[in-house]
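# Structural characterization, general
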Amino acid sequence: MPLVHYSRRSRRAPAHVAHILIDHRLAKPSWHCLASQHGYRYFGRDPKIRAQVYLRCLSCDGVMAVHTHVLRTARPECTSCYLRAMAREATAAGLEFLRPCPHDSHRGIYRASCGHEVSRQRVFVQKIGAGKVALRCETCLENRNAAEARKHGWILLGAPSNGDPNYRRYLHHGCSHQQDITVGNMLSGRFACHSCSEGWLSDTSYIYLDYFELPDGAGEFVKVGMSRRPEARLRHQFDLADGVHAEVLEKIRFDTGAKALRAEKQIHKTLRDAHPEWVVSAEELDWIGVTSEIYRIEALPRIRKLFADLRARTEA
Ligand SMILES: [Zn+2]
Ligand SMILES: [Zn+2]
Ligand SMILES: [Zn+2]
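Now for a quick tour of the structure. Residue positions are counted from 1 within each chain, in the order its sequence is given. Following the order in which they are written, the chains are lettered starting with A and the ligands numbered starting with 1. Restriction of local features to residues with pLDDT of at least 70 applies here, the model being predicted, together with a cutoff of 80 or more for giving and counting side-chain atom pairs; totals for whole chains, interfaces and linings are based on all residues. The basis for the side-chain values is all heavy atoms of the structure; hydrogens and waters are excluded.

One open sheet holds the three strands; their spatial order is β6-β7-β8, and the pairing between them is antiparallel. Pairing within the sheet leaves two strands with one partner each, and these edge strands are β6 (96–100) and β8 (117–121). Each neighbouring strand pair of the sheet contributes to a mean axis angle of 35 degrees, computed without reference to strand direction. Relative to strand β7 (residues 107–111), β6 runs antiparallel, the two being bridged by four bridges. The residue bridging Phe97 from the neighbouring strand is Tyr110, located in β7. Sitting on the sheet, helix α3 (residues 79–92) is in contact with β6 and β7, with an inclination near 150 degrees to β6. In this description, strands pair whenever DSSP reports at least two bridges between them. Think of it this way: any DSSP run of H or I at least four residues long counts as a helix, any run of E at least two long counts as a strand, and we number them from the N terminus. The axes used here are C-alpha line fits, helices contributing only the stretch in contact, and every angle between their N-to-C directions lies in the interval 0 to 180 degrees. By definition in these notes, contact holds between two residues if any of their heavy atoms fall within 4.5 Å.

Encoded structure:
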């Protein structure tokens, strides 16, 4: 019996049982009774810590420090059983459980099959095990982002100066200019070096509303974006999983990419600010090769309205 665990919410690391002072005699009769009601055996207490007892879990044999108030008023949850369950779920998800997250008791640190460490919510790992979602390793993704940037003649430097998680800082190989560019734009090539090209900013462009339906009723989503050719972008640039139905629902024409970009950014900001719960997180996006700009289907009526307003303004 090597380790004594503390409550999951405690930041204290497990301690070796030999390193703590445990007096097995100082027990109130009620402690024995309460412990056995909750699936534990009273193990002892540290005479110097008044309001704490040590309990031994009857199912895993682990020892846990519990506040006497918790023992009296609630069912103490065995930390060691909890960690074992996380490890089991990790194995089922093809991951190796390394340790709990020190800042969030519902999150763990895992080793992915690629060898990198990833931090995920426990429920997310359960979903992976159930085959509902797939794990995307951020380190591998960043390596792919760097490879993608090299194809376009840019070097991925790291975090952006604007602090937006959709952006990265890149260096243009030809002219050594540094610029923040979204990962999505780097993938599609729809950006221009501010130092050495005019590019798409002066071309006719569209903002579009795309609709996606996942197979087997797994969900419906919409995407707002801008492109010079929305249909081509939908067909060739999204790297959709098999069986995903996709169509362009609407598009609005702008005579320059710069105007389209401004309108697109405004729509994203309006949606994010009013309904952050509509924004689909990058972690969930295992069926499309983009990491942002996807919304839950509940957003559709609001986006239709935003498009109608925008159309009225631009075509007036
Ligand atoms: Zn246990
Ligand atoms: Zn990886
Ligand atoms: Zn350049």
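Resuming the write-up.
It is worth spelling out the pattern of salt bridges at this point. Any Lys or Arg side-chain nitrogen located within 4 Å of an Asp or Glu carboxyl oxygen qualifies as a salt bridge. Per the counting criterion, the structure on display carries 20 salt bridges. Across the salt bridge formed by Lys151 and Glu148, the nearest N and O atoms sit 3.4 Å from each other. A residue pair is termed a helical-turn pair when its members lie 3 or 4 positions apart in one helix, as Lys151 and Glu148 do in helix α5 (residues 138–151) at three residues. Burial classes follow relative accessibility: with a 1.4 Å probe on protein chains only, a residue under 20% of its type's maximum area counts as buried, one over 50% as exposed, and anything between as partly exposed. The class for Lys151 is exposed, based on a relative accessible area of 64%. When the shortest N-O distance is used, the salt bridge between Glu250 and Arg304 registers 2.8 Å. Of this pair, Glu250 sits in strand β14 (residues 245–254) while Arg304 is found in helix α9 (residues 300–315), placing the two residues 54 residues apart along the sequence. Using a relative accessible area of 13% as the deciding quantity, one classes Glu250 as buried.

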